[in-house]
Amino acid sequence: MSELITKSACELAGLIESKEISSVEATEAFFDRSESLNHLTLSYLHLNRESALAAAQAADSDLAAGKRHSALHGVPIAVKDNLTTTDAPTTAGSKILEGWVPQYDSTVVKRIRAAGLPILGKTNMDEFAMGSSTEYSAYGPSRNPWDLDRIPGGSGGGSSSAVSGHLAPLAVGSDTGGSIRFPAAVTGSVGAKPTYGAVSRYGLIALASSLDQVGPVTNTVLDAALLQDVIAGYDPHDSTSLPDSLGSMAEAVKTAQFKGLKVGVVKQLSSDGFQAGVKKCFDDTIAKLTAEGVEVVEVDCPSFEYSVAAYYLILPAEASSNLARFDSVRFGLRVAPEGNPTIERVMAATREAGFGPEVKRRIILGTYALSSGYYDAYYGSAQKVRTLIQQDLEKAFSQVDVLLTPTAPTTAFKIGEKVNDPLAMYLNDIATIPANLAGIPGMSVPNGLAEEDGLPSGVQILAPAREDARMYQVASLIEALYVAQWGAPLIAQAPGLEANRG
Amino acid sequence: MSEITPDLVRHLASLSRILVTDDEVEKLAGELGVIVDSVATVNKAVSGDVVPTSHPIPMSNVFREDEVAPSLTQEQALSGAADSAEGRFKVAAILDED
Amino acid sequence: MAKEPLMDFEEAIERFEVVIGLEVHVELNTKSKMFCGCANVFGNEPNTNVCPICLGLPGALPAVNKKAVESSIAIGLALGCEIAPNGRFARKNYFYPDLAKNFQTSQYDEPIAFEGKLDVEISDGQVFEVLIERAHMEEDAGKLTHVGGATGRIQGAEYSLVDFNRAGVPLVEIVTKPVFGAGANAPELAGAYVRNIRDIVKAMDVSDAKMERGNVRCDANVSLRPKGQEKLGTRTETKNVNSIRSVENAVRYEIQRQAHILAGGGSITQETRHWHEDRGYTSAGRPKSDADDYRYFPEPDLVPVQPANSWIEEIRESLPENPQQRRKRLGNDWGFSELEFRDVVNGDLLDLVEATVAAGTTPQAARKWWTGELSRQANAMELSTSELAIAPDQVATIQKLIDAGDLTDRMAREVVAGVIAGEGTPEQVIEKRGLKVVTDEGALIAAIDEALKQQPDVLEKIREGKVQAAGAVIGAVMKAMGGQVDAARVRELILERAGS
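Residues numbered from 1 in each chain as written. Chains lettered and ligands numbered in written order. Predicted model: local features only at pLDDT ≥ 70, side-chain atom pairs only at ≥ 80, totals over all residues. Heavy atoms only, no water.

Visitor: Outline the overall build of chain B, supporting the account with residue identities and numerical values.
Guide: Each helix and strand counted, chain B has 4 helices and 3 strands in total. Mapped in sequence order, the helices and strands of chain B form the string α-α-α-β-α-β-β. In terms of overall dimensions, chain B is more spread out than a globule: its C-alpha atoms have a radius of gyration of 22 Å, far above the 13 Å expected for 98 residues. Of all 98 residues assigned to chain B, the portion counted as buried reaches 45%. For chain B, the distance from the average position of its 7 positive side-chain charges to the average position of its 18 negative side-chain charges is 2 Å. (Helix = DSSP H or I, 4+ residues; strand = E, 2+ residues; numbered from the N terminus. Rg over C-alpha atoms; globule rule 2.2 N^0.38 Å. Buried < 20%, exposed > 50% of the residue type's maximum accessible area, 1.4 Å probe, protein only. Lys, Arg positive; Asp, Glu negative; His and termini not counted. Charge placed at Lys NZ, Arg CZ, Asp CG, Glu CD.)

So, in structure tokens, the structure goes:
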């Protein structure tokens, strides 16, 4: 393994800044590795060597001219395939968008380019981000570098497997109900969902507009903080974008301290339904914090019980409307049935052929939830549950600084294990969904390997809306406790992908 | 027992412009039935006056000034289209109306 | 499809009570579209005023045009509506190839304006109070062209073409409550209501208000019920009726058509209908059905509109006078005959006459210019009168020169032609063309003497009381002077001669 590819993004940025390596060298190292190993993990749907190397060269010459555009200047990055890019196809993991090259860059991609980060390629995902395993990708499932028979989480399994398999030092994902945090937990990496509105959604192919948020996927908390600093900020193209700056996450991480910290453990997300090894890792985290003098209290969030139900009404409802535009007229697939079909039949045939079963399921479910006569009982009630969850959280945060939960109920499950059981798949998001419903920031940090299967587990940190900095501080403190124990981040314990080369 | 009948699935699929076979209708009716029974619990959660939340972070009056920004060229606009003619998107004939 | 059997209009009115409801769509004349920065202009090359947002490309998000909100509030206020303290956008979901996102961003249960009223006067002077249910903001769809097939209509077309230049143009939809009791006046009232709305939005300058371009479009709901029946009859909605005359005709047609069906024991199908302007009938469109489940829900990509009272009051302050009230006021002030005033109104000349009067002419003089010579010039040039290259204050200047005896009527018309032709201000045209009444009476008297010498018996005839004999001499003098004299003065001088 080239030494470069296991370095953190922050370390790479330092080497590039001091001109010990060039951005081109760093970028090529990841391409060399990705081109030979991507077939194992299917992290990337598209690798963009030419365009990335041009960007790397520009980063190098800018640096030579004294222009360093960000703290991550020159460090290559992977981008989830639901963010539009003018120089690479954007499919959102769907056949209906196969080969579509967008006419515009998403705001996040614009910010990444402006910050001097070459884009390695577009990462695999469940179709339109509907899923928790990437098994619903129309282009085949990504695989977990810790065990290639297992899922890397979803929907952002392409990004999580790329980062944990060292096919990219950094990635951006999107999180609607846990699509950044769940994959991070099961691949031993770090994933953060910022406060709703902190990062622009312009150019993010919408799943559920009121839940979607773009965020970093990395191997360290500091890398995540540095990346959030690059991608966050007000965008007039997104009317739900926060006008106020949340400050620098990287700066906040530097001043983190245990002193005076008070954390809450959510009663509803700490006992039942968690794999024993996952629970044990979580208890270990709490014990470590307590040993540092952190006060830990249990908080009650009774409405969390309804969060999955509310989520699986709001998401399909918004998605059914967001996905209506895939109709064969202006972009994407067109399938014409035999004979002399009308446009109505062309649209229906295109959507039948272009959408996978899970997407169709959710569109039809969402159509039902919004239908006249059912709206109040379903969509309306679900929106009220959101209010109750916000009230629970408001109360909880009046008692504690942050909340901690296990990120996921289990470690990575086997590919194929849950693919035919939608309801079981939906429950993977039980701990991550409340943050999306309430708009608050949430982040997953590795907290060990489950004893029964030796697979990574993650702890989730939840903070009040706009308190992303606080979340990053606590995440960095927890990370530091484990690095002290292991001598390195958890990712160093991952088996090398090379072993599986063949 | 769920109210998701095959006929309802057919109706919903038609509203969503998705062609479904009879086999798919049966399968979807079963799957959606299970899901709907499960998510219907939201009804139990809310009683009395709870204001619905449609935006997680409350905001209002976000406006853009009335200023013209550059548009795409016609070529760019049509670049992703399956078919076009005379600078327009081309689609099959429309069944209803008129 | 052709005309259906109709009942005689008078008989229909005799037997049934007419209930109408009107939905008027007003296209706003903002510089940019409702949710994106594309230019809001008419007539450009197809798909050149489009962007990821109005094309509904994946990932694109809307951003609300503030001016469009302001214009919507202004329209609401002009119609006496309440302005909602908390308005919201909603998605109206349905598939149609001219609808880029396959949902229309509109407003549902929280429109920006509601509960207003408009007094509408019809030609016999009766005034009807039309109650406004709501006015809400939404976006226009793209434009479909049907190719192949005999008529260019959807039916029989081989394929259709879509231009999204109009997609996302801001619209305000104004919906009335059911209007009862208009009886035989219902068609005229419908037309007058639409004319009122058009005049209001035009006076406010929030819309170009050109019905022929679809800036103002009307959907007319008509239902009948037997007299004395409480329950409303089944209604039809005639879509996109795009001239005031068509609104009247379509409502009248629907009354007669429905009356015929009901009288024969039939029932009305609730459906949308299409008005065929060329042949004067409506035809059935889509019946209302389950497919009309639009699955409205609050637009999650936009946040609520909560206009501050101070903003609303600022907009209220800036509203122009109601056009109908203004007409009344000007009618009283100017003292025209009914016919004269109607010519001014129908010629769309109120503004021009008013400005000319304000620049110092009498109302009658201003009226004569604009309904007479200037309308003729505009007609000849195929322009609207307001497009003529002459300003009301220039017309007033010319009129003042006539009043002072410096220009004859004929010379004044020449000055007008010169100004319109771009030769400069009235003063410059007069200078360049040498159009000045000759005031050196020496030359004039010499010309008169010369003319009298040629017609020696004229003075005698005048002295005998045949004053009209002067005419022949006046003509000769005018000719000799190249027209640049005041005929009245010539006549005066001739009479003086005869008297001496």
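Visitor: Now, about the sheet that holds strand β2 (residues 77-80) of chain A: what can you tell me, with residues and values included?
Guide: Residue and element names in this part refer to chain A. The strand order β1-β3-β2-β4-β6-β5-β10-β11-β9-β7-β8 describes an open sheet built from 11 strands, whose pairing is mixed. Each end of this open sheet is capped by a strand with a single partner; those strands are β1 (44-47) and β8 (295-299). Direction aside, neighbouring strands of the sheet carry axes that sit 30° apart on average. Where β1 lies against strand β3 (residues 119-123), 3 bridges are found, and the strand directions are antiparallel. Looking across to β3, one finds that Leu 47 is bridged to Gly 121. Where helix α9 (residues 276-291) meets the sheet, it contacts β7 (262-266), β8, β9 (402-406), β10 (442-449) and β11 (456-462), and its direction lies at approximately 150° from that of β9. (Pairing = 2+ DSSP bridges. Axes fitted to C-alpha atoms, helices over the stretch in contact; angles between N-to-C directions. Contact = heavy atoms within 4.5 Å.)

Visitor: So what about the interface of chain C and chain B? Which residues, and what values?
Guide: Contact residues are listed per partner, giving 59 residues for chain C and 36 residues for chain B. Of the roughly 4,100 Å² buried at the junction of chain C and chain B (both faces included), carbon and sulfur atoms supply 57%. Summed over the shared surface of chain C and chain B, the number is 0 salt bridges. Along the contact surface separating chain C from chain B lie 21 residue pairs in polar contact (both at pLDDT 80 or more). Every element with two or more residues in the side of chain C that touches chain B is listed here: β2 (64-65), α2 (66-78), β8 (143-147), β9 (159-163) and β13 (271-276) of chain C. The biggest single contributor to the side of chain C that touches chain B is β9(C), with 5 residues. When grouped by side-chain class, the residues that make up the side of chain C that touches chain B number 32 nonpolar, 14 polar and 13 charged. Taken together, the 2 bridges between strand β1 (residues 63-64) of chain B and β2(C) define a ladder with parallel strand orientation. Within β2(C), the position partnered with B:Phe63 by the bridge is C:Val64. (Buried area = accessible area lost by both parts, 1.4 Å probe. Salt bridge = Lys/Arg side-chain N within 4 Å of Asp/Glu carboxyl O. Polar contact = N/O pair within 3.5 Å; in protein donor to acceptor, adjacent residues only side chain to side chain. Nonpolar A, V, L, I, M, F, W, Y, C, P; charged D, E, K, R; others polar.)

Visitor: Describe the interface of chain A and chain B, naming the residues involved and giving the relevant values.
Guide: Accessible area lost upon the coming together of the parts is a frequently used measure of interface size. Counting residues at the interface gives 61 residues for chain A and 52 residues for chain B. With both sides pooled, the region where chain A packs onto chain B buries about 4,700 Å², and carbon together with sulfur makes up 69% of that total. Where chain A meets chain B, there are 17 residue pairs in polar contact (both at pLDDT 80 or more). Looking at the side of chain A that touches chain B, the element that brings in the most residues is helix α13 (residues 376-399) of chain A, giving 12 residues. Here the side of chain A that touches chain B is composed, by residue class, of 34 nonpolar, 17 polar and 10 charged.

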